[in-house]
Amino acid sequence: MKKLNKTDEQWRSDLTPEEYQILRKEGTEQSFSHQFNREHRKGTFVCAGCNTPLFTSDMKFDSGTGWPSFFNHIEDAFVTKVDKKLFMSRTEYRCAICDGHHGHVFPDGPQPTGQRYCNNGTALKFIPDE
């Protein structure tokens, strides 16, 4: 996979202020604020920073947390790192191509994986199936 490298100035130019804050500065949107939390059509969720496919709609579930949540992801879409902010250890996941921050993964999701990828809706774009 080829990594996408841009300067901070290029990211600021290419992203909306909200996308920049989430993807480049590891921000978090307010829960229940994004339309993708209520997105139920068939399709693919891609990275808002580089359009890399991340999740299919079949991987999405309603976690009740207020953020789009997924129990699995498209293979090789993410890299992870330990995030020790907020005085706890969490697993952050980032786009494998552009290194954009998407959210954190928790071990309280549904089967078959038991994982909950808690994603900022602002970090995503949705491409509906035709």
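Definitions and cut-offs
- Residues numbered from 1 in each chain as written.
- Predicted model: local features only at pLDDT ≥ 70, side-chain atom pairs only at ≥ 80, totals over all residues.
- Heavy atoms only, no water.
- Pairing = 2+ DSSP bridges.
- Helix = DSSP H or I, 4+ residues; strand = E, 2+ residues; numbered from the N terminus.
- Phe/Tyr/Trp six-rings, centres within 6.5 Å; stacked < 30°, edge-to-face > 60°.
- Buried < 20%, exposed > 50% of the residue type's maximum accessible area, 1.4 Å probe, protein only.
- Core = buried A, V, L, I, M, F, W, Y, C linked by side-chain atoms within 4.5 Å.
- Contact = heavy atoms within 4.5 Å.
- Salt bridge = Lys/Arg side-chain N within 4 Å of Asp/Glu carboxyl O.

Caption draft 1: The sheet that holds strand S3 (residues 60-61), seen in detail. Ordered by their spatial adjacency, six strands build an open sheet running S3-S4-S8-S7-S6-S5, and the pairing between neighbours is antiparallel. The outermost strands of the open sheet, each flanked by one partner alone, are S3 and strand S5 (78-83). Relative to strand S8 (residues 116-119), strand S4 (residues 69-70) runs antiparallel, the two sharing two bridges. Counted as the bridge partner of Ser69 is Cys118 from S8.

Caption draft 2: Representation of the packing of aromatic side chains. One pass over the structure, following the stated rule, counts 10 aromatic pairs. Centroid distance Tyr93 to Tyr117: 5.1 Å. Interplanar angle 80 degrees. Geometry classified as edge-to-face. With a gap of 24 residues between them, Tyr93 in strand S6 (residues 90-95) and Tyr117 in strand S8 connect regions that are remote in the sequence. Residues Tyr93 and Tyr117 agree in their burial class; the two are buried. Ring pairing ties together the aromatic residues Phe36, Phe45, Phe55, Phe70, Phe78, Tyr93, Tyr117 and Phe126, which thus form one cluster.

Caption draft 3: Just the nonpolar core, in detail. Judged by nonpolar contacts, the single largest core of 25 residues is most densely connected at Phe45, Cys47, Leu54, Phe55, Phe70 and Leu124. For this core, the elements supplying multiple residues, two or more each, are helix H2 (17-23), strand S1 (43-47), strand S2 (53-56), S6 and strand S9 (124-128). With three residues, the single largest contributor to this core is H2. Discounting residues that sit within four places of it in the chain, Cys47 has contacts with Leu23, Thr52, Leu54, Cys95, Cys98, His102 and Ala123.

Caption draft 4: Region of interest: the pattern of salt bridges. Summed over the entire model, instances satisfying the criterion amount to 10 salt bridges. We note a salt bridge from Arg94 to Glu92, for which the minimum N-O separation is 2.5 Å. Like Glu92, Arg94 is buried. Two residues, Arg94 and Asp99, come together in a salt bridge whose shortest N-O distance is 2.9 Å. Look at Arg94 and you get buried, because its relative accessible area is 8%. On the basis of relative accessibility, which here comes to 37%, the residue Asp99 falls in the partly exposed class. One connected set of salt bridges, linked through shared partners, spans Glu26, Lys81, Glu92, Arg94 and Asp99.

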